[in-house]
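A look at the structure
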Amino acid sequence: MARELQGVVKGLVKVAEPLARYTTFRIGGPADVLVEPADEEDLARALAWAQERGVPVTLLGGGSNVLVPDEGLPGLVLRIGLDGIRWERPGDGGRRGVVVGAGTVLARLVHEAARRGCRGLEPCAGIPGTVGGALVMNAGTRDGSIGQVVDWVRVVEPGGQLAVWPREQCGFAYRSSRMQAEGIPVVAARLVLDPGDPQAILQEIRRHTAYRQRTQPLRYPNCGSVFKNPPGDASGRLIEACGLKGLRRGRAQISEQHANFIINLGGATAEDVLDLMTTAWRCVRDRFGVILEPEVRLLGALARRWPPDPVAPAPAAGGDGA
Ligand SMILES: Cc1cc2nc3c(=O)[nH]c(=O)nc-3n(C[C@H](O)[C@H](O)[C@H](O)COP(=O)(O)OP(=O)(O)OC[C@H]3O[C@@H](n4cnc5c(N)ncnc54)[C@H](O)[C@@H]3O)c2cc1C
């Protein structure tokens, strides 16, 4: 498979590549084949190749919101590293467009925007990962999310052709998007930002970052919030009220600092994490009648193991909370 692929794509092709190093959780077995496409066409070629052969494909950005199974991922893992930021001249009322590659590190974009006096990305300050991952997850905080500043997103449609989807077609909602629901690769996007004072924007970014440092267990590998917040409540509050802070399974632990974070104490497995997620999910269901929905993306075989017990009707996602 790898040799054949090397003849098709220009980018890097790695066989049996351990994925733990590509995730902020530092968890995950090997990809059968990991490909880092060189450009958009390369990505489209790799996708077409996989589609023709019925080879499963998993998309990966910065790996900050994924749980990769211990046994790894079958088929092709496409790590999207298409980076680049192109600023346009300010337009009406000083608003400014920026076209950004999906593999661009989100933090780089947030800081460039601030330095140029462009507002709108402050809620994304301190969120790890890539712009592509952020678009797919509609990343943000209770102060706003990235979908709000999107003009269009460039994607690879199932037939393999590149297409531009205006924001209205992207289905942005709380930590979700149409791209996420349909597994559509994002290669670039155009955002439009409002003018603002660079110092005030930087100040705002510092405020967001300081809040994270105060409230999140950033010294340990983690994947951010494990569960989405249910309507009108916070998953962290519910898990904490179940008395689960500090609970350990193997080398994974429900953070003492923030109950909606699971931390890797060093050597945790995906099974350890899934076990803690299952315990938290069942306790919250039994005690509060609330069905939590994972925010972390369970990849490969893990996706088929969630929810741990049958659920009816489907849970509704709420909004950002504490
Ligand atoms: C310490 C910490 C704090 C966090 N805080 C926040 C927060 O405040 N708010 C928030 O929203 N999130 C937060 N997160 C979660 C995470 O950082 C975001 O969801 C981030 O946007 C994911 O980007 P990524 O590139 O790492 O995506 P990945 O984790 O690589 O992927 C996430 C999902 O997107 C898909 N994907 C990735 N790239 C693409 C692409 N180009 N095209 C199509 N699909 C793709 C993957 O298949 C996967 O399903 C936090 C995470 C950590 C570790």
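Sequence order as written defines the numbering, with residues in each chain counted from 1. Local features in this predicted model are restricted to residues whose pLDDT is 70 or higher, and side-chain atom pairs enter the listing and the counts only when it is 80 or higher, whereas totals over whole chains, interfaces and linings include all residues. As a rule here, side-chain values come from all non-hydrogen atoms in the structure, and water together with hydrogens is ignored.

Comments concerning the overall build of the protein chain
A tally of regular secondary structure across the protein chain gives eight helices and 17 strands. In this description the radius of gyration comes from C-alpha coordinates, and the expected globular size is given by 2.2 Å times residues to the power 0.38. In summary, the protein chain has a C-alpha radius of gyration of 20 Å against a globular reference of 20 Å for 322 residues, a match within 12%. Viewed in the frame of its principal axes, the protein chain has a C-alpha envelope of about 55 × 50 × 35 Å. For each residue, the accessible area found with a 1.4 Å probe, counting protein chains only, is set against the maximum for its type, and the residue is called buried under 20%, exposed over 50%, and partly exposed in between. Per-residue burial over the protein chain gives 52% buried out of 322 residues. For helices the rule is a DSSP run of H or I covering at least 4 residues; for strands it is a run of E covering at least 2, with both sets numbered from the N terminus onward.

As for the sheet that holds strand β14 (residues 248-249)
Each pair of strands is called paired provided DSSP finds at least two bridges between the two strands. Strands sit in the order β14-β15-β16 across an open sheet of three strands; the sheet is antiparallel. Both edges of this open sheet fall to β14 and β16 (262-264), since each of them pairs with a single strand only. As paired elements, β14 and strand β15 (residues 252-254) share two bridges and run antiparallel to each other. Bridge pairing links Arg248 to Gln253 in β15. Should any heavy atoms of two residues lie within 4.5 Å, those residues are considered in contact. Each axis is a line fitted through C-alpha atoms, and for a helix only the stretch in contact is used; angles between axes span 0 to 180 degrees, taken between their N-to-C directions. Of the strands in this sheet, β14, β15 and β16 touch helix α8 (residues 270-288), which is tilted by about 25° from β15.

A word on the UniProt feature "active site" (unreviewed entry) in the protein chain
As annotated by UniProt and renumbered to match this structure, "active site" (unreviewed entry) occupies Arg175, Ser225 and Glu295. Sequence-wise these annotated residues cover 121 residues; spatially they are packed, their C-alpha atoms never more than 10.9 Å apart. Structurally, the position occupied by Arg175 is in the loop between β12 (162-166) and α5 (178-182). Assessed through its relative accessible area of 4%, Arg175 is described here as buried. There is a polar contact of 2.7 Å between the side chain of Arg175 and the backbone oxygen of Asn138. For Ser225, the position within the fold is in the loop between α6 (198-215) and α7 (235-241). Among residues more than four places away in sequence, those in contact with Ser225 are Asn65, Asn260, Phe261, Glu295 and Val296. UniProt positions are given in the numbering used here, feature names are shortened, and annotations may be inferred rather than shown by experiment. Definition of a polar contact: a pair of N or O atoms within 3.5 Å, with one able to donate and the other able to accept a hydrogen when the atoms are protein atoms, and with sequence-neighbouring residues admitted only if both atoms are side-chain atoms.

Description of the side chain of Asn138
Mapped onto the secondary structure, Asn138 falls in the loop between α4 (131-137) and β9 (140-141). The buried category is assigned to Asn138, whose relative accessible area is 4%.

Digging into the sheet that holds strand β2 (residues 30-36)
If you walk across this open sheet you meet the four strands as β1-β2-β5-β3, and the pairing is mixed. Each of the sheet's edge strands pairs with one partner strand only, and the pair in question is β1 (12-18) and β3 (57-60). On average, each strand axis in the sheet is tilted by 30° relative to the strand beside it, whichever way the strands run. Two elements, β2 and strand β5 (residues 73-79), share four bridges in a ladder whose sense is parallel. The partner of Leu34 across the bridge, within β5, is Val77. On the sheet, helix α2 (residues 40-53) packs against β3 and β5 and is oriented at approximately 165° with respect to β5.

Remarks on the UniProt feature "domain: FAD-binding PCMH-type" (unreviewed entry) in the protein chain
The sites that carry the UniProt feature "domain: FAD-binding PCMH-type" (unreviewed entry) are, in the present numbering, residues 26-212. Taken end to end, residues 26-212 comprises 27% helix and 30% strand; its first and last C-alpha atoms sit 20 Å apart.

Remarks on the packing of aromatic side chains
Pairing of aromatic rings covers Phe, Tyr and Trp, the last through its six-membered ring, and needs centres within 6.5 Å; plane angles under 30 degrees mean stacked, over 60 mean edge-to-face, and all others mean tilted. By the definition in use, this model includes two aromatic pairs. Note on Phe227 and Trp306: the rings are 6.2 Å apart at their centroids and 45° apart in plane angle, and the pair reads as tilted. Linking Phe227 in the loop between α6 and α7 with Trp306 in the segment after β17 (297-298), this pair joins segments that are 79 residues apart in sequence. The pair formed by Phe227 and Trp306 is uniform in burial state, with each residue classed as buried. Between the aromatic rings of Trp281 and Trp306, the centroid separation amounts to 5.8 Å while the plane-to-plane angle is 70°, which identifies the pairing as edge-to-face. One end of the pair, Trp281, is in helix α8; the other, Trp306, is in the segment after β17, and 25 residues separate them in sequence. Put simply, the rings of Phe227, Trp281 and Trp306 touch in pairs and so form one group of aromatic residues.

Let's talk about the domain arrangement of the protein chain
Each domain's limits were defined by an automated method or a database of domain assignments. For the protein chain, the domain assignment lists domain 1 (2-79), domain 2 (85-215) and domain 3 (217-322). A C-alpha centroid distance of 26 Å is found between domain 2 and domain 3.

Section: the site of the ligand
In the vicinity of the ligand, 35 residues are found, and the nearest of them are Leu59, Gly61, Ser64, Thr130 and Gly140. With respect to the ligand, the backbone of Gly62 contributes an N or O atom lying 2.7 Å from an oxygen atom. Within the backbone of Val186, one N or O atom sits 2.8 Å away from a nitrogen atom of the ligand. All accessible-area figures derive from a Shrake-Rupley calculation using a 1.4 Å probe, and residue coverage is judged against the displayed protein chains alone. About the coverage of the ligand: the protein hides 93% of its 960 Å² of free accessible area. Throughout, the term near means that a residue has one or more heavy atoms lying within 4 Å of the molecule or strand in question.

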